[in-house]
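Read off the chains here:
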Amino acid sequence: MGREALDDMCRMCEWLGDGDIWYKNPRNYANRMYKLREPGKKATPFTGGAEGLASGLNRAIQAKADGDLETYQQIIKEINERDATRPGGQVLPLQDCIDLVRDIGTPVAAMHCICRKTTRAEEEQSINEYSCLGLGTGMFKWERWPERYRGGVQFLTPEQAAEFLEYWDQRGMVHMVMQEGGDFIGGLCNCDYPDCVPIRQRVDYGLNYRLTKGENICEVDYERCNGCGECLGRCQFNALKYEATIDKPNIDPMMCFGCALCMTACNRQAIRLVPRRQYAALQYVW
Amino acid sequence: MIPVNPVITIDRERCTTPFDCKRCLRVCPPAVFAVHAAKIVRGVETDRTEPGAYLLAAVYRDKCTGCMKCVEVCPVGALTVAMPQEVRA
């Protein structure tokens, strides 16, 4: 399993990183290729969200809405205990996404966003509308499940994929790697609150293992910041706000997911990424 | 138990093509609703105009404020939003 995992790694890096960041490990883009189904066993069909309705989370939310907080908290606790034992998605900054599609995450295909299809009945029909990236050879099988890949897919060159990611970053979308089957990174999502299901599950319901925070946090360089406010409104995690006292933005490091959307909006390079593990009280906050 | 949020009911006899209609899904400020294909069939793209092919649900009900915007836009009168005090009475 490679080098010994460091204490301050997120659990995916510990399990799948071979000593480094898990989504930079080429192995995690290839595993599926070698996975064979048991003889006689059928593929699990996509259910398009139907399973979500019968899920524990849905029961929890209905209990919460009905005023039964005890049941709500109990179900959330059970889901978290189960999720802790398996990988989930993780937020990553634009530059890491671009490195990923240029170096290891090929082939890359643009496709519709399943979350916004579900929450807003969004239909993305062509490359001008697609907002999600599917990774790996599994994408060649999309025609078997045209409803899951509604609107089709379009394979992109690494350069096109980088441009695609820059476009959605400009539009204010958080980038996330999504794993499938436990050890295969099959998606690079671009989404925002409240339409993104993983963001929402984490922010609203405390399902913290569904979406892990990024490797870094964003920090304002107050020498460079002139308080223009371009970054305000970019944060999907309630970490960034305008602080009247100092007349400049303020980022709460405990809340920050390191998505770097505030950083990419800054024209003065006044926001920088700092590794989470640099701070004693943040290195275990995932 | 006193409900915190309104109780949302969807009459599926009336709401038959929610993915085609989209109105409540689009208008809801906290995006309470979700829509999904009733069944995903290999090799088939679901017809969004076929009655019953997609189902609407009020998944994120804990975010419902009772603003009634969804009831107002529903073209077939399929939605009812009952306020907590009404439900309790």
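Residues numbered from 1 in each chain as written. Chains lettered and ligands numbered in written order. Predicted model: local features only at pLDDT ≥ 70, side-chain atom pairs only at ≥ 80, totals over all residues. Heavy atoms only, no water.

**Some points on the sheet that holds strand 2 (residues 108-111) of chain A**
All names here are of chain A. Put simply, the test is: At least two bridges found by DSSP between two strands are what make those strands a pair. Numbered from the N terminus, helices here are DSSP runs of H or I no shorter than four residues, and strands are runs of E no shorter than two. Only heavy atoms matter for contacts: two residues are in contact if any of them lie within 4.5 Å across the pair. To obtain each axis, a line is fitted to C-alpha atoms, and for helices this fit is confined to the stretch in contact; angles are then taken between N-to-C directions over 0 to 180 degrees.
The strand order across the open sheet built from seven strands is 4-2-3-6-5-1-7, with neighbouring strands paired in mixed fashion. The sheet is open, and its two edges are formed by strand 4 (154-156) and strand 7 (211-212), each paired on a single side. The pairing of strand 2 with strand 4 spans three bridges and is classified as antiparallel. Counterpart to A110 in the pairing with strand 4 is Q154. Here helix 7 (residues 158-170) sits on the sheet and contacts strand 2, strand 3 (132-135), strand 4, strand 5 (174-180) and strand 6 (184-191); the angle it forms with strand 4, its principal contact strand, is near 105°.

**Considering the packing of aromatic side chains**
This is how it is decided: Any two rings among Phe, Tyr and Trp, with Trp reduced to its six-membered ring, count as a pair given centres within 6.5 Å; such a pair is stacked if its planes are under 30 degrees apart, edge-to-face if over 60, and tilted if neither. Type-normalised accessible area, obtained with a 1.4 Å probe on protein chains alone, sets the label of each residue: buried when under 20%, exposed when over 50%, and partly exposed for intermediate values.
Under the counting rule described, the total for this entry stands at five aromatic pairs over all chains. Consider the rings of Y205(A) and Y60(B), whose centres lie 6.2 Å apart with planes at 15°: the pair is stacked. Placement of Y205(A) in helix 8 (residues 197-205) and of Y60(B) in the loop between strand 3 (54-57) and helix 3 (69-73) is noted, with the two residues assigned to different chains. Accessibility assignment for this pair places Y205(A) and Y60(B) in one class, buried.

**Concerning the domain arrangement of chain A**
All names here are of chain A. This is how it is decided: As used throughout, domain bounds are those supplied by an automatic or database domain assignment. Defined in terms of a 1.4 Å probe, buried area is the accessible area two parts forfeit on being brought together, summed over both. What counts as a salt bridge is simple: a side-chain nitrogen of Lys or Arg found within 4 Å of a carboxyl oxygen of Asp or Glu.
The domain boundaries assigned to chain A delineate domain 1 (50-83), domain 2 (88-211) and domain 3 (216-278). Of the residues lining the interface, eight residues belong to domain 1; the matching set on domain 2 comes to eight residues. When the two sides are added together, the surface that domain 1 and domain 2 hide from each other amounts to roughly 700 Å², 59% of it contributed by carbon and sulfur. Its largest share of buried area at the contact with domain 2, domain 1 owes to L57, N80 and D83, together 58% of the area lost on that side. Our count for the domain 1 to domain 2 interface comes out at one salt bridge.

**Some remarks on the state of the cysteines**
Residues and elements named next belong to chain A. The line we're drawing: Two cysteine sulfurs form a disulfide in these notes if their separation is within 2.5 Å.
Overall, the coordinates contain zero disulfides over all chains when judged by the stated rule. The thiol of C10 is unpaired, and the distance to the nearest cysteine sulfur, on C13, comes to 3.7 Å. Among the residues examined, C10 registers a relative accessible area of 1% and is labelled buried. The closest cysteine sulfur to the non-disulfide-bonded C231 is located on C262, 6.3 Å from its own sulfur. Residue classification places C231 among the buried positions, given a relative accessible area of 6%.

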